Amino acid sequence: VPEDGSDLVVGEFARAAAARQNGTLLYDAKRLIGKRFDAERLAVEAAELPFEVVPRLSPARLQLEPHLLARRAAGQPLSFAPEHVGAHIVRRLRAAAERRVGAEVRLAVLAVPVGFARQQIEATREAAML
């Protein structure tokens, strides 16, 4: 998460930035996508993560869902739904593919882990459409 908040950084650039600014790196968002907020389960899953996982109400699904809480270098908190992190990554991948092939990419196949529940698959599909 850059200091100015203007853009998210993805890939190796994000790793380098996170090394300089602790608490600004978000990863493993995909494993939280489409899940309900369950404090006990998330306490175990999020124990090793360098950011907080907090509950937020999903207006689309009317349920508490996990959000990733990162911090800018100045310390201001920023909350991201896992779907929004996924959507940002998909946009970056699309832009890279378009540069590579020299044409607009309109269709793509997104793979999801075999163990994903139907709700997680739907949330991944929604993220791709954001």
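Everything that follows concerns the structure shown earlier in this document.
Residues numbered from 1 in each chain as written. Predicted model: local features only at pLDDT ≥ 70, side-chain atom pairs only at ≥ 80, totals over all residues. Heavy atoms only, no water.

For the rest of this paragraph, the subject is the overall build of the protein. When helices and strands are counted, the protein shows four helices and three strands. Of the regular secondary structure in the protein, the N- to C-terminal order runs α-α-β-β-β-α-α. For the protein, whose C-alpha radius of gyration is 15 Å, the value lies close to the compact-globule estimate of 14 Å for 130 residues. Considering only C-alpha atoms, the protein reaches an extent of 45 × 40 × 25 Å along its principal axes. (Helix = DSSP H or I, 4+ residues; strand = E, 2+ residues; numbered from the N terminus. Rg over C-alpha atoms; globule rule 2.2 N^0.38 Å.)

Turning our eyes to something else, we now look at the environment of Lys 30. Tracing the backbone shows Lys 30 in the loop between α1 (12-20) and α2 (39-45). For Lys 30, a relative accessible area of 38% puts it in the partly exposed group. For Lys 30, the contacting residues outside a window of four places in its chain are Ala 111, Val 112, Pro 113 and Phe 116. Reaching out from Lys 30, the side chain makes a polar contact with the backbone oxygen of Ala 111 at a distance of 2.9 Å. (Buried < 20%, exposed > 50% of the residue type's maximum accessible area, 1.4 Å probe, protein only. Contact = heavy atoms within 4.5 Å. Polar contact = N/O pair within 3.5 Å; in protein donor to acceptor, adjacent residues only side chain to side chain.)

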